[in-house]
Amino acid sequence: MNFNPKNVFNYFRDCYQLDYKEFTINNILSSKYPYKWFAKTKEELLSEKLPIIPYTNKKVLALEKEMALYNLEKKLFYGCFFILGKNKNPLIKDKRICAPLLLFPAKIETLDDEKFLKIEHENFDINRSALSLLELNEELIDKDEFVQLLSDRIHNQNYIGLNSFLEKYVTNLETEELLLFPTVWSAQKIRSFLASDKIENDSCKLPLKPNCLKLEY
């Protein structure tokens, strides 16, 4: 191998891309994510197919500095369809599960001194942590087929039919609240649900943002 600067750069780029494909999130509410921000009332970037939306994150300036400083190590994501529940691992102190099923790379844009958020619709990834919570109907589909069909649906931006798709192939979900698309849960509603006793008895809820689904273990 010829170790010229271009080859070295390509090698590290490939390593980074491989790491990126394995990127997972179990709990977006964790303190390890200090720049989290929740859309309010209605999901706009996906449902309305808008190119950008106002980005009202109060920590946006600090976030921009962080992204500039660690532009090769860190990336901004727009998460959708959050699974909520409690982790059964006794070694984990914070047992909350708040895991987005879909992750879209995102960018911050500045227009007339206002901040906006733009996502890359075509370059989404399926969060493996969220995927692992779903119990598939193995008589109808295996995991690889499920991932492919889900990916095709997202590529086609067919979110309206997500309710019936999940109802058909996932055995531990109640999907009726997806019919309210594109309404979203507020951050306060998510935190209140996780703090309540509704998920004490081995049950989970999936506010697959833009709406809610229930996971029953």
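The structure contained in this document is the topic of the report that follows. (Residues numbered from 1 in each chain as written. Predicted model: local features only at pLDDT ≥ 70, side-chain atom pairs only at ≥ 80, totals over all residues. Heavy atoms only, no water.)

1. Description of the side chain of S196
Here is step 1 of the chain: Checked against the element boundaries, S196 lands in the loop between helix 6 (187-195) and strand 7 (203-206).
Here is step 2 of the chain: Here the side chain of S196 touches F193 through a polar contact of 2.7 Å, landing on its backbone oxygen. (Helix = DSSP H or I, 4+ residues; strand = E, 2+ residues; numbered from the N terminus. Polar contact = N/O pair within 3.5 Å; in protein donor to acceptor, adjacent residues only side chain to side chain.)

2. Some thoughts on unusual backbone geometry
Trans is the prevailing form of peptide bonds, just as negative phi is the prevailing case for residues other than glycine.
Here is step 1 of the chain: For D112, which is not glycine, the phi torsion reads 50 degrees and is therefore positive.
Here is step 2 of the chain: Take D112: it is sitting in the loop between strand 3 (96-111) and strand 4 (114-119).
Here is step 3 of the chain: On the basis of relative accessibility, which here comes to 76%, the residue D112 falls in the exposed class.
Here is step 4 of the chain: Despite not being glycine, D113 shows a phi value in the positive range, around 65 degrees.
Here is step 5 of the chain: You can see D113 is positioned in the loop between strand 3 and strand 4. (Buried < 20%, exposed > 50% of the residue type's maximum accessible area, 1.4 Å probe, protein only.)

3. Some words on the nonpolar core
Here is step 1 of the chain: In this structure, Y78, L102, F104 and F146 are the most contacted members of the largest nonpolar core, which totals 41 residues.
Here is step 2 of the chain: For this core, the elements supplying multiple residues, two or more each, are helix 2 (60-69), strand 2 (77-86), strand 3, strand 4, helix 3 (128-131), helix 4 (143-155) and helix 5 (162-169).
Here is step 3 of the chain: Considering each element in turn, this core owes the most residues, 6 residues, to strand 3.
Here is step 4 of the chain: Those residues in contact with F146 that sit more than four places away from it in its chain are L131, L134, L136, I141, F165, L166, Y169 and V170.
Here is step 5 of the chain: With 15 residues, the next largest nonpolar core counts Y33, F38, F82 and L103 among its residues. (Core = buried A, V, L, I, M, F, W, Y, C linked by side-chain atoms within 4.5 Å. Contact = heavy atoms within 4.5 Å.)

4. Some remarks on helix 6
Given 3.6 residues per turn, any residue in an α-helix points the same way as the ones three and four places further on.
Here is step 1 of the chain: The complete set of buried residues in helix 6 reads A187, I190, F193 and L194. The buried residues of helix 6 occupy an angular sector of 130 degrees when the element is viewed end-on, so they sit on one face. Across helix 6 from its buried face, at more than 90 degrees, point the exposed residues Q188 and A195. (Arc of directions from axis to C-beta.)

5. As for the environment of I126
Here is step 1 of the chain: Within the fold, I126 resides in strand 5 (residues 125-126).
Here is step 2 of the chain: A sequence separation of 24 residues divides I126 from L150, and the C-alpha atoms of the two residues are 8.9 Å apart.
Here is step 3 of the chain: With residues up to four places along the chain from it excluded, the contact list for I126 reads L101, L102, L131, V147, L150 and S151.

6. Observations concerning the packing of aromatic side chains
Here is step 1 of the chain: For the structure shown, the criterion picks out 7 aromatic pairs.
Here is step 2 of the chain: A ring pair is formed by W37 and Y55, whose centres lie 5.0 Å apart and whose planes are at 75 degrees; its orientation type is edge-to-face. With W37 in the loop between helix 1 (5-21) and strand 1 (53-54) and Y55 in the loop between strand 1 and helix 2, the pair connects residues that are 18 residues apart, well separated along the chain.
Here is step 3 of the chain: A relative accessible area of 23% places W37 in the partly exposed class.
Here is step 4 of the chain: A relative accessible area of 6% means that Y55 is categorised as buried.
Here is step 5 of the chain: Ring geometry for F146 and F165: centres 5.4 Å apart, planes at 20 degrees, overall stacked. Here the residue F146 occupies a position in helix 4, and F165 occupies one in helix 5, the gap between them amounting to 19 residues.
Here is step 6 of the chain: The buried category is assigned to F165, whose relative accessible area is 5%. (Phe/Tyr/Trp six-rings, centres within 6.5 Å; stacked < 30°, edge-to-face > 60°.)

7. Notes on a negative patch on the surface
Here is step 1 of the chain: On the surface, E138, E139, D142, D144 and E145 cluster together into a patch of negative charge.
Here is step 2 of the chain: Along the chain, the position of E138 falls in the loop between helix 3 and helix 4.
Here is step 3 of the chain: Judged by its relative accessible area of 73%, E138 falls in the exposed class. (Patch = residues over 30% accessible without salt bridge, like charges linked within 9 Å, V, L, I, M, F, W, Y side chains within 5 Å. Areas by Shrake-Rupley, 256 points an atom, 1.4 Å probe, with all protein chains shown as cover. Salt bridge = Lys/Arg side-chain N within 4 Å of Asp/Glu carboxyl O. Lys, Arg positive; Asp, Glu negative; His and termini not counted. Charge placed at Lys NZ, Arg CZ, Asp CG, Glu CD.)

8. Observations regarding the pairing of strand 2
On any regular strand, side chains alternate: one points to one face of the sheet, the next to the other face.
Here is step 1 of the chain: For strand 2, the tally of buried residues reaches 9 of 10 residues, placing the bulk of the element in the interior.
Here is step 2 of the chain: As paired strands, strand 2 and strand 3 are joined by 9 bridges and run antiparallel to one another. Note that in strand 3 the partner of G79 across the bridge is L103. (Pairing = 2+ DSSP bridges.)

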